[in-house]
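Spelled out from the first residue to the last, the chains are:
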Amino acid sequence: TTEPGDRAAPGSGPARTRVALDRRTLRTDRWWVPPLLTTLGLATFVVYATVRSFMREGYWDAENHYLTPFYSPCLSESCVPGSSHFGTPIGELPGFIPLAFLSLPFLLGFRLTCYYYRKAYYRSVWFAPPACGVAEPHARYTGETRLPLIVQNAHRYFFYAAVLITVINTYDAVLAFGGERGVGIGLGNIVLLVNVFFLWCYTLSCHSCRHVTGGRLKHFSKNPIRYRIWTQVSKLNVRHMQFAWITLGTLVLTDLYVWLVSTGTITDLRIVN
Ligand code: FES
């Protein structure tokens, strides 16, 4: 048996109990700053995205054909004319259902189960643990072996849905080059393009994408094409955390831009036509 304070003998694996301390941590640095910033960043995005998803205004700029990603694809008869790039197979939706109700749950699932975001919110929201050398408040640890966290294992399936939704966002961005005046380029086009560029970086740098492209291979030499793709995905994968944060920013900025332009608060800066 082990007593509180026991340490494992070298090479015998981790101790089963914690070192008995009369305080939560011996760290004297500001270890709480990174989890606090993470919480603030995630909370800001969640509040903004939730409010915007239910607003039902300022999501389609009819003049320039800008559609915010928060309302794509818009498949309901409740969508304003022009914003439904794939028709309206769904009837009117009550106000408590977001118009992008088909894509939002998958995007939410993709982000929530993302390996990077897991690390971020396990530390900053659940304090499990909040930082290295800082004890967690939970008495037991069951990992991702039971509900609800066992759902994290569905990440690879959310990845396939996210690829499809990113294709749709790309299609929206391409269509936006043809506004009411015909083909042209405005600042909104650049904003939409930059957003989809980083969405692709985030999606393709996903750990599941890395596994899809190069996993379960016994010999890379016998699969040179998959090896090549896996190598490129691995280079992106190194920056997955950065892409996770950048895309939260580009999504908000893109939506904000479309909102401001479509409501006439600002005028789209035209570059060509
Ligand atoms: Fe982050 Fe898949 S999206 S690991």
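Everything discussed here concerns the structure shown above.
Residues numbered from 1 in each chain as written. Predicted model: local features only at pLDDT ≥ 70, side-chain atom pairs only at ≥ 80, totals over all residues. Heavy atoms only, no water.

Peer 1: Hey, could you run me through the state of the cysteines in this one?
Peer 2: Applying the stated rule across the entire model yields one disulfide. Across the disulfide, C74 is cross-linked to C79 (sulfur-sulfur distance 2.2 Å). With the S-S dihedral at roughly -95 degrees, the linkage between C74 and C79 falls on the left-handed side. Just as C74 is buried, C79 falls in that class too. Between C209, a cysteine without a disulfide, and C206, which holds the nearest cysteine sulfur, the sulfur-to-sulfur distance is 6.5 Å. (Disulfide = S-S within 2.5 Å. Buried < 20%, exposed > 50% of the residue type's maximum accessible area, 1.4 Å probe, protein only.)

Peer 1: Can you help me understand the packing of aromatic side chains in this one?
Peer 2: The description of two aromatic rings rests on the distance between their centres and on the angle between their planes. Counted under the stated rule, the structure contains 17 aromatic pairs. Measuring from ring centre to ring centre gives 6.2 Å for Y121 and W126, while their planes differ by 70 degrees; the resulting arrangement is edge-to-face. Note on Y121: relative accessible area 13%, which makes it buried. A relative accessible area of 37% means that W126 is categorised as partly exposed. Ring geometry for F159 and Y160: centres 5.7 Å apart, planes at 55 degrees, overall tilted. Taking the relative accessible area as the measure of exposure, F159 reaches 5% and is therefore buried. Members of the aromatic cluster, connected to one another through ring pairs, are F110, Y116, Y117, F159, Y160 and Y202. Positioned above the aromatic ring of W259, the side-chain terminus of R52 is 4.3 Å from the ring centre. One cation-aromatic arrangement involves R111 over Y202; the distance from NZ or CZ to the ring centre is 4.2 Å. (Phe/Tyr/Trp six-rings, centres within 6.5 Å; stacked < 30°, edge-to-face > 60°. Lys NZ or Arg CZ within 6 Å of the ring centre and 35° of its normal.)

Peer 1: Would you mind showing me how to read the packing of helix α4 (residues 155-175) against helix α5 (residues 187-204) here?
Peer 2: If you want to describe how two helices pack, look at the angle between their axes and the distance between the axes. Viewed as axis vectors pointing N to C, α4 and α5 meet at an angle of 165 degrees, and their least axial separation amounts to 10 Å. Classed by the angle they form, the pair α4 and α5 counts as roughly antiparallel. Note that α4 runs across α5; the crossing there is left-handed. Taking contact as the criterion, the partners of F159, A162, V163, T166, V167, N169, T170 and A173 in α4 are, on α5, L192, L193, V196, L199, W200 and T203. Looking at the contact of α4 with α5, its residues break down into 10 nonpolar, four polar and no charged. (Axes fitted to C-alpha atoms, helices over the stretch in contact; angles between N-to-C directions. Helix = DSSP H or I, 4+ residues; strand = E, 2+ residues; numbered from the N terminus. Parallel < 35°, antiparallel > 145°, perpendicular 65-115°, else oblique. Left-handed = near helix turned anticlockwise from the far one by under 90°. Contact = heavy atoms within 4.5 Å. Nonpolar A, V, L, I, M, F, W, Y, C, P; charged D, E, K, R; others polar.)

Peer 1: How should I be thinking about helix α8 (residues 240-262) in this particular structure?
Peer 2: At 3.6 residues per turn, the α-helix brings residues three or four places apart onto the same side. In a regular helix each residue adds 1.5 Å, so 23 residues correspond to 33 Å; α8 covers 32 Å between its end C-alpha atoms and thus fits that length. Here α8 has its buried residues at H240, F243, A244, T247, L248, T250, L251, T254, D255, Y257, V258 and V261. Positive phi appears at G264, one or two residues downstream of α8, with a value of about 80 degrees. (Expected span 1.5 Å × (residues − 1).)

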